Amino acid sequence: MIDLSNVSKTFTLHNQGSAVIEVLHDVCLRVEPGECVALTGASGAGKSTLMRMIYGNYMAQSGSIVVGGVDLVQAEPREVIRIRREVLGYVSQFLRVVPRVSTLDVVAEPLRMLGQPSRAARARAQELLTGLNIPEPLWALSPTTFSGGEQQRVNIARGFAHPYPAMLLDEPTASLDAANREVVLSLIEQAKARGAAIIGIFHDEAARARVCDRELDVSRFTPARAA
Amino acid sequence: MTPLLSVQGVTKRYGAHIGCADVSFDLYPGEVMGIVGESGSGKSTLLNCLAGHLAPDAGAVVFDTRAPSSHDGNTQQDRGPRDTVTMSEPERRMLSRTDWAFVHQHARDGLRMGVSAGGNVGERLMAVGARNYGDIREKAVDWLGRVEIDTDRIDDRPTTFSGGMQQRLQIARNLVTGPRLVFMDEPTGGLDVSVQARLLDLLRGLVRDMGLSAIIVTHDLAVVRLLADRLMVMKSGHVVESGLTDRVLDDPQHAYTQLLVSSVLQV
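Per chain, residue numbering runs from 1 following the sequence as it is written. Working convention: letters from A go to chains and numbers from 1 go to ligands, in the order in which they are written. Local features in a predicted model are, by the rule used here, given only for residues with pLDDT of at least 70; side-chain atom pairs are given and counted only at 80 or more, and totals for whole chains, interfaces and linings are based on all residues. Think of the side-chain values as coming from all heavy atoms in the structure, minus any hydrogens and water.

- An unreviewed UniProt entry lists chain B under the name Phosphonate C-P lyase system protein PhnK, with Lutimaribacter degradans given as the organism.

- As recorded by an unreviewed UniProt entry, chain A carries the name Phosphonate C-P lyase system protein PhnL and is attributed to Lutimaribacter degradans.

Next up, the structure:
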């Protein structure tokens, strides 16, 4: 479902003396449906960079990243957008909110983008928000003013609204209390059970041990840097 | 799939000065593209060339004209991709009243200030042949509602409206005929941030629900982040970088884009 071969990433900072920083070299990773792989490695090893390349908001300098049969490194923007809409979900650490859009609509939006009627999309959103213990009086409000933990849960609800065949999870249990952490872990287990291929970053070791089938140490692909 | 708009080598010079040089891209149905760059980068010149307001010195702007419908004058052989640069002025004018819409930065450039709000919306319908007063009024009421203008303001002139309301009225006037391609020139420029947020949210909903294609010129990176699927970055008349919006903004490759992105103040 997700297949990376020989993916490399360098950043060229034109406005800082054209410094070239090689971050990842020759990453290969294949994730099958129903499998969850954890990215591990010290802070700065390139876990988030790798995840962003798979989502397509970072450009890979070489190699191929095939998700749902499309190589995202070569694909046109509209193809990448289609894959993101239909195939590849992403729960980032931070919710990017649009002012004035209600929490319910924020969560329902991925389904609306797939052409689902408003009522069905909102029903699914309500179910997820209830499950994640977001109090009903907040549903009509924009999440702009919510606490960090509440925003994180809205973000998770949005990420799980559509049953994506492939998912990227960046610290999905960070800043959650025990009860909500449990809800999120069971959402991940359900996604695996229906056959989703998942790549995640989990600093929460117990969570990682519970939902992940294997680990990939990203520092293996970090080129040795001259000190 | 046929692109809705295929832009091929569009160049516009002002004497020795380059307005925009050799710009090419394809825009597909339902795609929203942002054009960003500092003042003088050529983005407005390019937009005006694409929309037929300026004649480019070179290049083609090929639009996939639609099947004839009841209210436009197209005949069978006019269907399919046509170069709008070489088509006749009346044909281009018809296109700009039907399939195209243009949202100006200053609402007063896109509205008739001496005509009521309802009249502003109705006028565009009449330009494509609508004649039944009741139907026109009904559509105007519907559209004022969609852009969140109280329908009891329908007989008021836009001169009595706030800047944000005028801008929303301009959008209603443009979208009432169901265009397929909307050109927008700094649609949120000069508005308060709270008014901007409302307008952006409205535009986002309309673009999604109507399946519109749009080209948005702006210097505001937050606007394109919110509205555009893809981005073109212009500098001194040239396109220096293009791609998926969040790729260009999160991982800019060109020196100028890196400078542009890093110059935005964090709030």
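Read on, since the account is not over.
**Thoughts on the interface of chain A and chain B**
Move 1: Residue contacts are counted whenever heavy atoms from the two residues lie within 4.5 Å of one another. At the interface, 25 residues of chain A touch 25 residues of chain B.
Move 2: Together, the buried faces of chain A and chain B total about 2200 Å²; carbon and sulfur atoms form 52% of this surface.
Move 3: What counts as a salt bridge is simple: a side-chain nitrogen of Lys or Arg found within 4 Å of a carboxyl oxygen of Asp or Glu. The interface formed by chain A and chain B holds five salt bridges in total.
Move 4: Between B:Asp246 and A:Arg84 there is a salt bridge; the shortest N-O distance is 2.7 Å.
Move 5: Contacts described as polar in this section are N or O atom pairs within 3.5 Å, which, within protein, must combine one atom able to donate a hydrogen with one able to accept it, while residues neighboring in sequence count only if both atoms come from side chains. Counting across the chain A and chain B interface gives ten residue pairs in polar contact (both at pLDDT 80 or more).
Move 6: Going along the chain from the N terminus, every DSSP run of H or I of four or more residues is numbered as a helix, and every run of E of two or more is numbered as a strand. Contributions of two or more residues to the side of chain A that touches chain B are made by strand S1 (2–13), helix H2 (77–86) and helix H3 (103–113) of chain A.
Move 7: Residues are sorted three ways: Asp, Glu, Lys and Arg are charged, Ala, Val, Leu, Ile, Met, Phe, Trp, Tyr, Cys and Pro are nonpolar, and all the rest, Gly among them, are polar. Taken together, the residues of the side of chain A that touches chain B break down into twelve nonpolar, six polar and seven charged. Defined in terms of a 1.4 Å probe, buried area is the accessible area two parts forfeit on being brought together, summed over both.

**Let's talk about the nonpolar core**
Move 1: Among the nonpolar cores identified, the biggest contains 47 residues, and B:Val121, B:Trp143, B:Leu169, B:Ile171 and B:Val182 are the most heavily contacted of them.
Move 2: Among the elements that make up this core, the one with the highest residue count is helix H7 (residues 193–210) of chain B (six residues).
Move 3: If we ignore the near neighbours within four places in the chain, the residues touching B:Leu169 are B:Leu111, B:Ala117, B:Asn120, B:Val121, B:Leu144, B:Ile149, B:Pro158 and B:Phe161.
Move 4: For our purposes a nonpolar core is just a set of buried Ala, Val, Leu, Ile, Met, Phe, Trp, Tyr and Cys residues, chained together by side-chain atoms within 4.5 Å. Each residue is assigned to one of three classes by its accessible area relative to the maximum for its type, calculated with a 1.4 Å probe on protein chains only: buried under 20%, partly exposed between the two thresholds, exposed over 50%. Among the nonpolar cores identified, the runner-up in size contains 40 residues, and A:Ala108, A:Leu169, A:Val184 and A:Cys212 belong to it.

**So, the side chain of A:Lys192**
Move 1: Residue position: A:Lys192 is located in helix H6 (residues 178–193).
Move 2: Those residues within four positions of A:Lys192 in sequence are excluded, and the remaining contacts are A:Gly34, A:Cys36, A:Ile198, A:Val211 and A:Asp213.

**Let's talk about helix H1 (residues 43–50) of chain B**
Within an α-helix, residues lying three or four positions from one another point in the same direction, as the helix has 3.6 residues per turn.
Residue and element names in this part refer to chain B.
Move 1: Across the eight residues that make up H1, a large majority, seven, are buried.
Move 2: Taken as a whole, H1 has its buried residues at Lys 43, Thr 45, Leu 46, Leu 47, Asn 48, Cys 49 and Leu 50.
Move 3: Phi turns positive, to about 85°, at Gly 52, one or two residues after H1.

**Regarding empty space enclosed by the protein**
Residue and element names in this part refer to chain B.
Move 1: A cavity here means a set of 1 Å grid points, computed over protein atoms only, where a 1.4 Å probe fits but cannot escape. A pocket is an open set with protein on both sides within 12 Å along at least 5 of 7 lines, and lining residues have an atom within 4 Å of a point. Grid points are joined across faces, edges and corners, and a volume is the space filled by probe spheres set on the points. Taken as a whole, this structure holds one cavity of 30 Å³ or more when the rule is applied.
Move 2: Considered as a void within the structure, the largest cavity measures approximately 30 Å³ in volume.
Move 3: Lining the largest cavity, in full, are Val 103, Ile 171, Leu 175, Val 182, Met 184, Leu 203, Leu 206, Val 207 and Leu 212.
Move 4: Secondary-structure elements contributing two or more residues to the lining of the largest cavity are helix H6 (163–175), strand S7 (181–185) and H7.
Move 5: Among the elements that line the lining of the largest cavity, the one with the most residues is H7, at three residues.
Move 6: The class makeup of the residues in the lining of the largest cavity is nine nonpolar, no polar and no charged.

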